Protein chains: 2
Amino acid sequence: MKIGELASATATNVETVRYYEKIGLLAPPARTSSNYRAYGADHLARLSFIRRARDLGFTLDAVRELLTLSDDTGQSCEAVDGIASIHLTEIDRKIGDLKALRSELSRVLGSCSHGTVADCKIIETLAPRGEAV
Amino acid sequence: MKIGELASATATNVETVRYYEKIGLLAPPARTSSNYRAYGADHLARLSFIRRARDLGFTLDAVRELLTLSDDTGQSCEAVDGIASIHLTEIDRKIGDLKALRSELSRVLGSCSHGTVADCKIIETLAPRGEAV
DNA sequence: CTACACCCTGAAGCAACTACAGGGTCAAGC
DNA sequence: GCTTGACCCTGTAGTTGCTTCAGGGTGTAG
């Protein structure tokens, strides 16, 4: 299959496919006589894997590790579990950060009395001590 | 004050201060005879504003707008409110996305029976249909 | 035979910094 | 008076994960 077909089969941009090849995440496929990339089922499977991992929020580095691990089927699942666990912790941290941010911002927004900027509580919060420069 | 003092007073990296100047967020300060940047109270106030806005998660573009608005004290607070509201919506969207991600990942992780990679549910989830390439 | 959709490469752009390389300046201590 | 070390300067490149662009070639339908 050509790059466009592979891309649409995996809901990926053509450019992203080429990008994955460039950074060594996806093996360079064979080429047709006219220098078009010719992909096979293995490429499709691998790209699907990458996309699903990305959809779960794994970084490209984590995806790379997961791919390596998935190739070595005899190995213990521990490393895979570890990567996913770290990722989950990271997501929890992000959610916590965003929630704190949200409540702070919501508090600021709630205090806005819709007057002029001069007595805008939002601006005041950002530049305390009246120094609204 | 010198750049290092300004930076530590606002919990900012020196490089970040210079970066803000470069992108036009912070006005270029006067220079000493030895070409050191010499900041005043107005710079300190402005950088504090920027940092607080950044801490609340506003993008640099939003900060730029907020700064412009805060300079025009006679104007209505509406635009400020609008920027903050949009930002809040965006944060809510991100929290929602991350929560969905979290539950999906947590489900995948919970199914791991800590065996070998060959029957690892995590890998299986990523590469369904047994094509763990 | 000519449109038009698709493919190619390589470089640059995005956010918001951070980290270097390769220098200059300044105060303290010996 | 000279060195050490902390600070300052500029300019460029790196980070993540792509997207976009310029400037081409290929393949096929009408």
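In this text, all values refer to a predicted model and were calculated from it rather than measured experimentally.

Considering the packing of aromatic side chains
All names here are of chain A.
Point 1. Using the criterion set out here, one finds 2 aromatic pairs over all chains in the structure.
Point 2. Judged by centre distance (6.0 Å) and plane angle (45°), the ring pair of Tyr19 and Tyr20 falls under tilted.
Point 3. We classify Tyr19 as partly exposed; its relative accessible area is 40%.

Observations concerning the interface of chain B and chain A
Point 1. With 57 residues of chain B at the contact, the number on the chain A side is 57 residues.
Point 2. Around 4,900 Å² of area is buried between chain B and chain A when both sides are counted, 75% of it from carbon and sulfur atoms.
Point 3. Remark: the boundary between chain B and chain A carries 2 salt bridges.
Point 4. Linking chain B with chain A are 4 residue pairs in polar contact (both at pLDDT 80 or more).
Point 5. At the level of elements, helix 3 (41-55), helix 4 (60-71), helix 5 (78-110) and helix 6 (121-126) of chain B are the ones that each hand at least two residues to the side of chain B that touches chain A.
Point 6. For the side of chain B that touches chain A, the element with the most residues is helix 5 of chain B, which contributes 18 residues.
Point 7. Residue composition of the side of chain B that touches chain A, by class: 29 nonpolar, 14 polar and 14 charged.

So, the protein's contact with DNA strand C
Point 1. In the vicinity of DNA strand C, 17 residues are found, and the nearest of them are Gly4(A), Arg18(A), Arg37(A), Thr16(B) and Arg54(B).
Point 2. Looking at DNA strand C alone, sugar and phosphate atoms form 82% of those within 4 Å of the protein.
Point 3. Backbone polar atom of Gly4(A) to a phosphate oxygen of DNA strand C: 2.7 Å apart, as the coordinates give it.
Point 4. The side chain of Arg37(A) places a nitrogen or oxygen atom 2.7 Å from a phosphate oxygen of DNA strand C.
Point 5. At the level of elements, helix 1 (3-9) of chain A together with helix 2 (14-22) of chain B are the ones that each hand at least two residues to the surface near DNA strand C.
Point 6. Per-element tally for the surface near DNA strand C: the top contributor is helix 2 of chain B, with 3 residues.

A short note on the nonpolar core
Point 1. Judged by nonpolar contacts, the single largest core of 77 residues is most densely connected at Phe58(A), Val80(A), Phe58(B) and Val80(B).
Point 2. With residues near it in sequence (within four places) discarded, Phe58(A) still touches Ala53(A), Val63(A), Leu66(A), Ile83(A), Ala84(A), His87(A) and Leu105(B).

Quick word on the packing of helix 2 (residues 14-22) of chain A against helix 3 (residues 41-55) of chain A
All names here are of chain A.
Point 1. At their nearest, the axes of helix 2 and helix 3 sit 12 Å apart, and the two run at 100° to each other. On the basis of their axis angle, the class for helix 2 and helix 3 is roughly perpendicular. Here Thr16, Val17 and Tyr20 of helix 2 lie close against helix 3, whose contacting residues are Leu47, Ile50, Arg51 and Arg54.
Point 2. Residues that form the contact of helix 2 with helix 3 fall into these classes: 4 nonpolar, 1 polar and 2 charged.

Focus on the protein's contact with DNA strand D
Point 1. Around DNA strand D sit 19 residues, and of these Thr16(A), Arg54(A), Gly4(B), Arg18(B) and Arg37(B) come closest.
Point 2. Sugar plus phosphate, as a fraction of atoms of DNA strand D within 4 Å of the protein: 81%.
Point 3. A distance of 2.9 Å separates a base nitrogen of DNA strand D from a polar side-chain atom of Tyr36(A).
Point 4. In this structure, a phosphate oxygen belonging to DNA strand D sits 2.6 Å away from a side-chain N or O atom of Arg18(B).
Point 5. When contributions to the surface near DNA strand D are tallied by element, the ones reaching two or more residues are helix 2 of chain A together with helix 1 (3-9) and helix 2 of chain B.
Point 6. Element by element, the count of residues in the surface near DNA strand D is highest for helix 2 of chain A, at 4 residues.
Point 7. Of the residues contributing to the surface near DNA strand D, the split by class is 6 nonpolar, 6 polar and 7 charged.

Some remarks on unusual backbone geometry
Point 1. Positive phi, close to 55°, is recorded for Ala11(A), a residue that is not glycine.
Point 2. For Ala11(A), the location among the structural elements is in the loop between helix 1 and helix 2.

Quick notes on the rules
Residues numbered from 1 in each chain as written. Chains lettered and ligands numbered in written order. Predicted model: local features only at pLDDT ≥ 70, side-chain atom pairs only at ≥ 80, totals over all residues. Heavy atoms only, no water. Phe/Tyr/Trp six-rings, centres within 6.5 Å; stacked < 30°, edge-to-face > 60°. Buried < 20%, exposed > 50% of the residue type's maximum accessible area, 1.4 Å probe, protein only. Contact = heavy atoms within 4.5 Å. Buried area = accessible area lost by both parts, 1.4 Å probe. Salt bridge = Lys/Arg side-chain N within 4 Å of Asp/Glu carboxyl O. Polar contact = N/O pair within 3.5 Å; in protein donor to acceptor, adjacent residues only side chain to side chain. Helix = DSSP H or I, 4+ residues; strand = E, 2+ residues; numbered from the N terminus. Nonpolar A, V, L, I, M, F, W, Y, C, P; charged D, E, K, R; others polar. Near = heavy atom within 4 Å. Core = buried A, V, L, I, M, F, W, Y, C linked by side-chain atoms within 4.5 Å. Axes fitted to C-alpha atoms, helices over the stretch in contact; angles between N-to-C directions. Parallel < 35°, antiparallel > 145°, perpendicular 65-115°, else oblique.

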